[in-house]
Structure formats: C-alpha cells, structure tokens
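Fold and geometry: a report
Below, each chain spelled out in residue letters.
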Amino acid sequence: ASRPGIIEYRWPEFRLRRCRLSNGKTGVLIHGLNLKTEGWKNVVWGTPPDLAGRLPRGVAVAVEQRADVIVLGSGGSDIDGKLEAEYTRDFLLQNFSELTQFSLFHEIKVQSIQAQIEKILRLETRSRNTYEEVKYSAEIFKAAEVTNIVLVSSPTHLPRCLRDACVIFGEDAR
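Before going into details, it helps to say that this report is about the structure given with it. No experiment lies behind these values; they were computed from the predicted model shown.

With that settled, the discussion passes to the environment of Asp68. Take Asp68: it is sitting in the loop between α2 (54-64) and β5 (69-73). What makes Asp68 partly exposed here is its relative accessible area of 29%. For the pair formed by Asp68 and Val146, sequence separation is 78 residues and the distance between their alpha carbons is 7.6 Å.

Next up, the structure:
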C-alpha cells in the first residue's frame, strides 16, 4: 500500500494552487486549537479579508483540491461539554456564509459549497495532543481510502504537525 503524500501551505505565502494532488482521494486535516486559548477566534477564523485562519484556509484547500474528507480535530479541550472538534464544526457551520468576507473565497460561490463541505466533514475527538490528532485522523483517512493528506494549521504549529505526520506515515511523507 502506498503512503499518503503530505503537502504544507505556509502562511503568509499561502496561495491556492490551480492543480490537483496526485491521483487518489484527498483528505484535509484542519488542526484543532485548545478552546481556552486566548485569541482562539483570530487563530481559527482569522480576520477578513486577508488573514484567514485555520478554518477558512482548510475549507479553501478542500475546495481547491476537491477533497473527499475533511477532518476537524481534536478532543483535547471542551466548553460546556462540547469537545474541540464539535465546537469548531458548529462554529464553521454557523459562520459559513461569512467565508465570503475572505479574499480566498472571492472566486468561490460559498453558498454552493456548504452542503458538500458538511457532507465530507468528519470529527476526530479522541486526541489530546498533536501526535494523537494526526494518528487518529489517519485512521479516519485510511477508512475513507484517502491517499493524499493536506495539513492545515498555524505557521508556528505546522512544523510539529509535519514532524508528527512523518513519524506516523513514515519518512517518505512529503
């Protein structure tokens, strides 16, 4: 079995590519953030029009790559019993129409993609750290026969995400 390819988008140089990853199914892992983190909304949602956070970037990548699965992680924190991934999903869906405020979505008809995004969303709620988030998300991707994985996170978090992905998927992950 082939190992998934992993690509990384670095902020602020993030540009949507007008190409698809290699053949096979694509999954996007939008890394979670502890719900009690100061500035959670700025990191996860961002500030329109040009400072898109993890969620808008992840959705944009999923649309561009025609992703088959989007995983929201993790279970590492909660607010009133609602786990991080659940809270993040609900936040995304409640604010979906607001994606139009981000320049990433100027060429995307947001209202026409919401149903598909909802259909491919999966929640990873068992993890307590980045390594577990990648590991448990890999199980979701494997069950969906995903062969390409895109990691979406913050600039300071991506090196750890990629390091953990390389450990989990093997040294040939790139």
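This paragraph deals with the pattern of salt bridges. Going through the model one piece at a time under the given rule, you end up with four salt bridges. For the salt bridge of Lys82 with Asp90, the shortest nitrogen-to-oxygen distance reads 2.6 Å. When the shortest N-O distance is used, the salt bridge between Asp164 and Arg163 registers 2.9 Å. Counted as one network, the salt bridges with shared partners bring together Lys82, Arg89 and Asp90.

Attention now moves to α2. Taken across its eleven residues, α2 has ten buried, putting it largely inside the fold. Of all the residues in α2, the buried ones are Arg54, Leu55, Pro56, Arg57, Gly58, Val59, Ala60, Val61, Ala62 and Glu64. Once α2 finishes, Arg66 follows within two positions and takes phi at roughly 50 degrees, a positive value.

Rules used throughout
Residues numbered from 1 in each chain as written. Predicted model: local features only at pLDDT ≥ 70, side-chain atom pairs only at ≥ 80, totals over all residues. Heavy atoms only, no water. Helix = DSSP H or I, 4+ residues; strand = E, 2+ residues; numbered from the N terminus. Buried < 20%, exposed > 50% of the residue type's maximum accessible area, 1.4 Å probe, protein only. Salt bridge = Lys/Arg side-chain N within 4 Å of Asp/Glu carboxyl O.

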